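Listed below, chain by chain, are the residues.
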Amino acid sequence: MSSVPDEGRETSDSTAPGAGHREMANAIRALAMDAVEKAKSGHPGMPMGMADAATVLFTRHLKFDAADPGWPDRDRFVLSAGHGSMLLYALLYLLGYEDMTIGEIERFRQLESRTPGHPEYGAARGIETTTGPLGQGFANAVGMALAERMLEARYGPEIVDHTTYVIVGDGCLMEGISHEAASLAGHLRLAKLIVLFDDNGISIDGPTSLSVSDDPLARFAAYGWDIAQVDGHDEAAVDAAIAAAKSSPAPSLIACRTTIGFGAPTKAGTAATHGAPLGAEEIAGAREALGWPHPPFVVPDEILSPWRQAGARGAAGRGDWQRRLEALDADTGAAFARTQAGELPAGFADAVAACKQKLAGASAPMATRRASQEVLEILTAEIPEMIGGSADLTGSNNTKTKVQAVITPEDFSGRYIHYGVREHAMVAVMNGMALHKGLIPYGGTFLVFTDYCRPAIRLSALMGLGVIYVMTHDSIGLGEDGPTHQPVEHLASLRAVPNLMVFRPADAVETAECWALALESRTSPSVISLTRQNLEPARIEAGDENLCARGAYVLAPADLEAGDGEAGDGRRVTLLATGSEVAIALGAREILRGEGIDAAVVSMPCWELFEAQTEEYRAEVLGAGAVRVAVEAASPFGWDRYIGPDGAMVGMGGFGASAPGADLYAHFGITAEAVAEAARQCLKAGSGAG
């Protein structure tokens, strides 16, 4: 599989573990059961069961250097069965990762430790992704393996040549996302993806036979994977299976038959070891059965030393790789460094300005999904690391551009992925690509189908990944497809996710600005909510400033005969709107203006950015003393914070219906006249009346 030497990898002929393999594996078992016991919380069974397979993997096959955990060409290891986190933490300590000390092992599951209950990206070096929600890590690993193939096509195997390894459990393979991700990986023939299945036959409720009778190996074979089955406690068998998988032309699943809680005298092989401390008596018996007489959290030097040697064996290979990197031509080397650092190209700002200028000059109505494609045509040409995709809705999401060739099993040099109808896997795969580094993934589906994507979107926000979700058909405005496809509660539920930026641009210029903000955000994912229906331009001048950057701004000030017309200066009504309803707010402003009522229109493309502004700015935009009326073709949930007790919200009180979009707006009372009437009623009832 590799055209350069397996730097830092021990082969199956290695004697690195020597006769001490069992003692080295028992070090993992001891640390796991001791840490869980001290925390009085955790999952000791999985680490104890998979200790042998993990020892073989990390000492004989995995390419890494514990002294440089961020080495771009390291092999990736994902613990998808994240409840067994002590397996990973024990490995990081034993291998000599600097920030994983024995003190951190003793602080397992404690506040602000590097050893949280489930692995968290960023908590410690060597944790490649946040896992725990089963199946997510597996799908992330598919994304990492895909990113490796794509970057190898760009930079060559001398710079990019690594394998992604995953440990999954029964629960990971029960979760539906495993089907989506495994099917995609098999289709793309991601040969550098090797999955070790902890086949212990136990779940929380008891034997897996309580709920499962399918054959996971046959299932993966049907996906086009290479499959193998071994005794997970036979080091030679595990070693040989991994070696064979590394030469397979397909992704590999190795079912390691293990005993959960291996070594526990009365609880091994039962659900009692899955999610609870073993207890002092059982641990004492396990120590005797395993031949581990050492006190809690003590690993003798004669066992720790070969582990530390394994952690350092990749240093020479990393040095060779660094020399090859430095030998690249200046432009290629600079591009690799820039993209690994997540920096946008020098021409980014000019490209955004060109987008805005082009779109501001278009006077015809335009759907924001189409405006998004116009933006992408310019940005993808300027930013080669942008990787697009869609869950079988390319023509509807408008996510593919002229410069993006399609990625195929035969050619990974393209920049567009057909994910198929696999929304959940699409988002989790994009998370894996972002975690890998070197690429900026974005992908599309309908906004209503964020319901399928939600667990992976939440994890991208938790990890702080700059993934971009292009969600079109964002309201009843999509029309005839009806309430099954018309999002109502989705904007509110997405806005409730911490560290997720939800953009809903009002026109083409705002669409360009929102794309710029999403690309500039490397520590928060973004949802860009776009219309199917055409919208009149709200802004006809590009301007140098990104007005959307503050989350909300006065788009149309009140018509004042006195004063300078700034926000809050004499206005009686503030009309708040997002996306397609900004045009409705502008229409309501004209109605009120004809009645001598001064009203300003505020476009609010991103609540999260608005909340980050100063209190003074927010008050200025919302208008001191003005009554506030919001309009959005969505659930009113959340708008109270902006309209206050004396305001009103014109929105959706229930699900939509099947009809042309314009008819639905009238049917549900989301019209300029309805907004104007709400303003009149607020003025009549409240202190804002003049």
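Residues numbered from 1 in each chain as written. Predicted model: local features only at pLDDT ≥ 70, side-chain atom pairs only at ≥ 80, totals over all residues. Heavy atoms only, no water.

Remarks on the overall build of the protein
When you go through the protein residue by residue, the secondary structure sums to 26 helices and 20 strands. Taking 2.2 N^0.38 as the reference for a compact globule, 690 residues should give roughly 26 Å; the C-alpha atoms of the protein span a radius of gyration of 28 Å, in line with that estimate. Scored against the burial criterion, the 690 residues of the protein give a buried share of 61%. Considering only residue pairs separated by 6 or more positions, the protein has 78% of its internal contacts joining residues 24 or more positions apart. Only carbon and sulfur atoms are counted for the fraction: they give 51% of the accessible area of the protein, which is about 24600 Å². Charge centroids of the protein, computed over 54 positive and 88 negative side chains, lie 1 Å from each other. (Helix = DSSP H or I, 4+ residues; strand = E, 2+ residues; numbered from the N terminus. Rg over C-alpha atoms; globule rule 2.2 N^0.38 Å. Buried < 20%, exposed > 50% of the residue type's maximum accessible area, 1.4 Å probe, protein only. Contact = heavy atoms within 4.5 Å. Areas by Shrake-Rupley, 256 points an atom, 1.4 Å probe, with all protein chains shown as cover. Lys, Arg positive; Asp, Glu negative; His and termini not counted. Charge placed at Lys NZ, Arg CZ, Asp CG, Glu CD.)

Here we look at the confidence of the model for the protein
Low pLDDT means the predicted atomic positions in that stretch should not be read closely. Here the protein averages 95 in pLDDT, and 95% of its residues register 70 or above. In the model, residues 1–19 has pLDDT below 50 throughout and makes 49 contacts with residues more than four positions away in sequence or in other chains. Between residues 561–568, whose pLDDT stays under 50, and residues either more than four places distant or in other chains, the model counts eleven contacts. (pLDDT = per-residue confidence, 0-100.)

Points about unusual backbone geometry
Phi is positive for F297, which is not a glycine, with a value near 65 degrees. Structurally, F297 can be placed in the loop between α10 (280–290) and α11 (301–312). One non-glycine residue with positive phi stands out, namely K437, at about 80 degrees. Here K437 shows up in the loop between α17 (423–436) and β11 (440–446).

Describing the sheet that holds strand β2 (residues 164–169)
The five strands lie next to each other as β1-β2-β3-β7-β6, forming an open sheet whose pairing is parallel. Only two strands of the sheet have a single partner each, and these edge strands are β1 (76–79) and β6 (226–231). Going from strand to strand, the sheet's axes swing by 20 degrees on average, the running direction of each strand aside. Bridging between β1 and β2 involves four bridges; their strand directions are parallel. Across the sheet, the residue bridging to L79 is I167, located in β2. Taken strand by strand, helix α5 (residues 136–155) contacts β1, β2 and β3 (193–199), and its axis lies near 165 degrees from that of β2. (Pairing = 2+ DSSP bridges. Axes fitted to C-alpha atoms, helices over the stretch in contact; angles between N-to-C directions.)

A word on the pairing of β11
Counting buried positions along β11 gives seven out of seven residues, so the element sits mostly inside the fold. Bridge analysis of β11 against strand β12 (residues 468–472) gives five bridges, and the strand direction is parallel. Across the sheet, the residue bridging to Y442 is I468, located in β12. In terms of handedness, the path from β11 via helix α18 (residues 450–463) over to β12 forms a crossover that is right-handed. (Right-handed = clockwise from strand over helix to strand, strands pointing away.)

Focus: the packing of helix α15 (residues 368–382) against helix α20 (residues 508–520)
Orientation of α15 relative to α20, taken along the N-to-C sense of each, is 55 degrees, at an axis distance of 9 Å. Looking at the two axes, α15 sits oblique to α20. Classified by chirality, the crossing of α20 by α15 is right-handed. Between α15 and α20, the residues in contact are T368, A371, S372, V375, L376 and L379 and A508, T511, A512, W515 and L519, respectively. (Parallel < 35°, antiparallel > 145°, perpendicular 65-115°, else oblique. Left-handed = near helix turned anticlockwise from the far one by under 90°.)

Focus: the environment of E536
By the element assignment, E536 lies in the loop between β15 (534–535) and β16 (553–556). It is 60 Å that separates the C-alpha atoms of E536 and G206, two residues lying 330 residues apart in sequence. Residues within four places of E536 in sequence aside, it is in contact with P365 and D507.

A short note on the sheet that holds strand β19 (residues 627–631)
On the basis of which strands lie adjacent, the open sheet formed by five strands has the order β16-β18-β17-β19-β20 and mixed pairing. Looking at the sheet topology across the chains shown, the edges are occupied by β16 and β20 (648–650). On average, each strand axis in the sheet is tilted by 30 degrees relative to the strand beside it, whichever way the strands run. Most of the contacts of helix α21 (residues 581–594) go to strand β17 (residues 573–577), to which it runs at about 160 degrees, and overall it touches β16, β17, β18 (599–603) and β19. The strands that helix α26 (residues 672–685) touches are β17, β19 and β20; relative to β19, the one it contacts most, it runs at about 155 degrees.

Here we look at the pattern of salt bridges
Enumeration according to the criterion identifies 36 salt bridges in this entry. A salt bridge links E148 to R149, with the nearest nitrogen and oxygen atoms 3.1 Å apart. On the accessibility criterion, E148 (0% relative accessible area) is buried. Note that R539 is salt-bridged to E513, the shortest N-O span being 2.7 Å. A residue pair is termed long-range when its members are at least 10 positions apart, and R539 in the loop between β15 and β16 and E513 in helix α20 qualify at 26 residues. Note on accessibility: R539 and E513 belong to one class, buried. One salt-bridge network, in which partners are shared between bridges, spans E148, R149, E152, D161 and K192. (Salt bridge = Lys/Arg side-chain N within 4 Å of Asp/Glu carboxyl O.)

Points about the packing of aromatic side chains
Taken as a whole and judged by the stated rule, the model has 19 aromatic pairs. Seen from their ring centres, W71 and W321 are 6.3 Å apart, and the 65 degrees between their planes marks the pair as edge-to-face. In this pair, W71 is assigned in the loop between α2 (45–61) and β1 and W321 in helix α12 (residues 315–326), connecting sequence segments 250 residues apart. The class for W321 is buried, based on a relative accessible area of 2%. Measuring from ring centre to ring centre gives 5.1 Å for W607 and Y642, while their planes differ by 85 degrees; the resulting arrangement is edge-to-face. Here W607, found in helix α22 (residues 607–611), pairs with Y642, found in helix α24 (residues 640–643); they are 35 residues apart in sequence, far enough to count as distant. Y642 matches W607 in its accessibility class, with the two residues each being buried. Ring pairing ties together the aromatic residues W607, F610, Y617, W639 and Y642, which thus form one cluster. Taking NZ or CZ as reference, R308 lies 5.2 Å from the ring centre of Y93, over its face. Its guanidinium or amino end placed over the ring of W607, R495 lies 4.0 Å from that ring's centre, counting from NZ or CZ. (Phe/Tyr/Trp six-rings, centres within 6.5 Å; stacked < 30°, edge-to-face > 60°. Lys NZ or Arg CZ within 6 Å of the ring centre and 35° of its normal.)

A short note on the pairing of strand β9 (residues 386–390)
Counting buried positions along β9 yields five of five residues, so the element is predominantly enclosed. Neither face of β9 is left uncovered, since the one carrying M386, G388 and S390 and the one carrying I387 and G389 both have all their residues buried. One ladder, built from three bridges, connects β9 with β11; its direction is parallel. Bridge pairing links S390 to G444 in β11. Bridge analysis of β9 against strand β10 (residues 416–418) gives three bridges, and the strand direction is parallel. If you follow G388 over to β10, its bridge partner there is Y416.

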